[in-house]
Amino acid sequence: MNGPDCQLYLISPLETGGDFPDRLDRALAAGPDLVTAFQFRVKDMDQHQAARLAEPLLEICRARDVGFIVNDSIALARRLKADGVHLGQSDGDLRDAREELGSDMQIGITCHASRHLAMEAGEAGADYVAFGSFFPSETKPSEHRPEPEVLEWWSKLFEIPCVAIGGITPANCEPLVKAGADFLAVSHAVWGGDEAEAVSAFAKILRE
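Residues numbered from 1 in each chain as written. Predicted model: local features only at pLDDT ≥ 70, side-chain atom pairs only at ≥ 80, totals over all residues. Heavy atoms only, no water.

Structural notes on the overall build of the protein
Going by this rule: A run of H or I in DSSP counts as a helix once it spans at least four residues, and a run of E counts as a strand once it spans at least two, with each numbered from the N terminus. The reference for a compact globule is 2.2 Å times residues^0.38; the radius of gyration itself is calculated from the C-alpha atoms. Remark: exposure states derive from per-residue accessible area (1.4 Å probe, protein chains only) relative to the maximum for the residue type, with buried under 20%, exposed over 50%, and partly exposed in between. Working rule for contacts: check all heavy atoms of both residues, and any pair within 4.5 Å makes them a contact. In this description, accessible areas are obtained by the Shrake-Rupley approach with a 1.4 Å probe, and a residue is regarded as covered only by the protein chains that are shown. When charges are tallied, Lys and Arg are placed among the positive residues and Asp and Glu among the negative ones, while His and the ends of the chain are skipped. One atom stands in for each charge, and that atom is NZ of Lys, CZ of Arg, CG of Asp or CD of Glu.
Secondary structure summary: the protein contains nine helices and eight strands in total. In summary, the protein has a C-alpha radius of gyration of 16 Å against a globular reference of 17 Å for 208 residues, a match within 12%. With respect to the principal axes defined by its C-alpha atoms, the protein has extents near 40 × 40 × 35 Å. Within the protein, the proportion of its 208 residues that are buried is 48%. Restricting the contact set of the protein to residue pairs at least 6 apart, pairs at least 24 apart contribute 57%. Here the protein displays about 10,100 Å² of accessible surface, and carbon together with sulfur accounts for 47% of that area. Separation between the mean location of the 19 positive side-chain charges and that of the 34 negative ones in the protein comes to 1 Å.

Okay, structure coming up:
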């Protein structure tokens, strides 16, 4: 993909019904060489209902050549034949997940502000590590506040991609890009307003 060195990783709002499939398609169309992945994130929902909501979104991502990542649920990722799963620190052992999902499934791990957790994840076979929350988040409050230097440290020492997450907007993302983030994980900054305008605003920063 001939896009910017740092790309967008969109995270869904908790409400993904209604007109959200159209909004997702519009966001992806606004950044065809910029949005690399989309994470399906829902809470307190049974797997059958989650799968029904996920299927049209998965089709949109496949049509746009965007990776479809399931948050938290190894079982749902396997059921949907998703491209990957994102696991928090309490969502199970990475090695067990790898054994269950196989070598082709991308597995990302939340590492908060911890270099130690990130190195452990890399040693266990993570495909990417996620640091955050860099800024106060409308989507998922967190007491962890890494500095951009952790991205610089990681990118200089390891080949595994790193994701910056948490309260990231077009106005505050530049230090994270300069520090070496491979991906910016964004949610409210895109879905809290006009999604196409938001993706275009990120594009102006990331293509500089």
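Quick look at the sheet that holds strand E7 (residues 162–165)
Threshold: We call two strands paired when DSSP finds no fewer than two bridges between them. Think of each axis as a best-fit line through the C-alpha atoms, taken over the contacting stretch in the case of a helix, with angles from 0 to 180 degrees between the N-to-C directions.
Strand order in the closed barrel made by the eight strands is E1-E2-E3-E4-E5-E6-E7-E8, with parallel pairing throughout. Recorded for the sheet is a direction-independent mean angle of 25° between the axes of neighbouring strands. Where strand E6 (residues 128–132) and E7 come together, four bridges link them in parallel fashion. Pairing of Gly 132 across the sheet is with Ile 165, part of E7. Taken strand by strand, helix H2 (residues 47–64) contacts strand E2 (35–40) and strand E3 (67–71), and its axis lies near 175° from that of E2. Contacting E6 and E7, helix H6 (residues 149–157) runs over the sheet at an angle of about 165° to E6.

Points about the packing of helix H1 (residues 20–30) against helix H9 (residues 195–206)
Spelled out, the test is: Roughly parallel covers angles under 35 degrees, roughly antiparallel covers those over 145, roughly perpendicular covers 65 to 115, and oblique covers all other angles. Each crossing is labelled by how the near helix is turned from the far one, with a counterclockwise turn of less than a right angle marking it left-handed and a clockwise turn marking it right-handed.
At a minimum axis separation of 8 Å, H1 and H9 run at an interaxial angle of 25°. By the angle between their directions, the pair H1 and H9 is classed as roughly parallel. Judged by the twist between their axes, the crossing of H1 over H9 is right-handed. Contacts between H1 and H9 involve Arg 23, Arg 26, Ala 27 and Ala 30 from the former and Glu 195, Ala 196, Val 199 and Ser 200 from the latter.

Things to note about the environment of Leu 176
With respect to the helices, strands and loops of the structure, Leu 176 is situated in helix H7 (residues 174–179). Separated by 110 residues in sequence, Leu 176 and Val 66 have C-alpha atoms that sit 22 Å apart. Not counting residues up to four positions away in its chain, the partners in contact with Leu 176 are Phe 134, Phe 135, Pro 148, Leu 151, Ala 164, Ile 168, Ala 181 and Leu 184.

Structural notes on the side chain of Ser 133
What counts here: We call two N or O atoms a polar contact when they sit within 3.5 Å, provided that within protein one can donate a hydrogen and the other can accept it, with sequence-adjacent residues counted only if both atoms are side-chain atoms.
Inspection of the secondary structure puts Ser 133 in the loop between E6 and H6. Here Phe 135 takes part through its backbone oxygen, which lies 2.4 Å from a polar atom of the side chain of Ser 133.

Focus on helix H5 (residues 115–124)
Along an α-helix, residues three or four apart share an orientation, since each turn contains 3.6 residues. Note the following rule: This arc describes the spread of directions from the helix axis toward the C-beta atoms.
All of the buried residues along H5 are Ala 118, Ala 121 and Ala 124. Down the axis of H5, the buried side of the element spans an arc of 130°, and every buried residue falls inside it. On its buried side, H5 packs onto helix H4 (94–101), strand E5 (106–112), E6 and H6. Near the N-terminus of H5, the side chain that reaches the backbone nitrogen of His 116, with its oxygen 3.3 Å away, is that of Ser 114. Immediately downstream of H5, the backbone of Gly 125 shows phi near 105°, a positive value.

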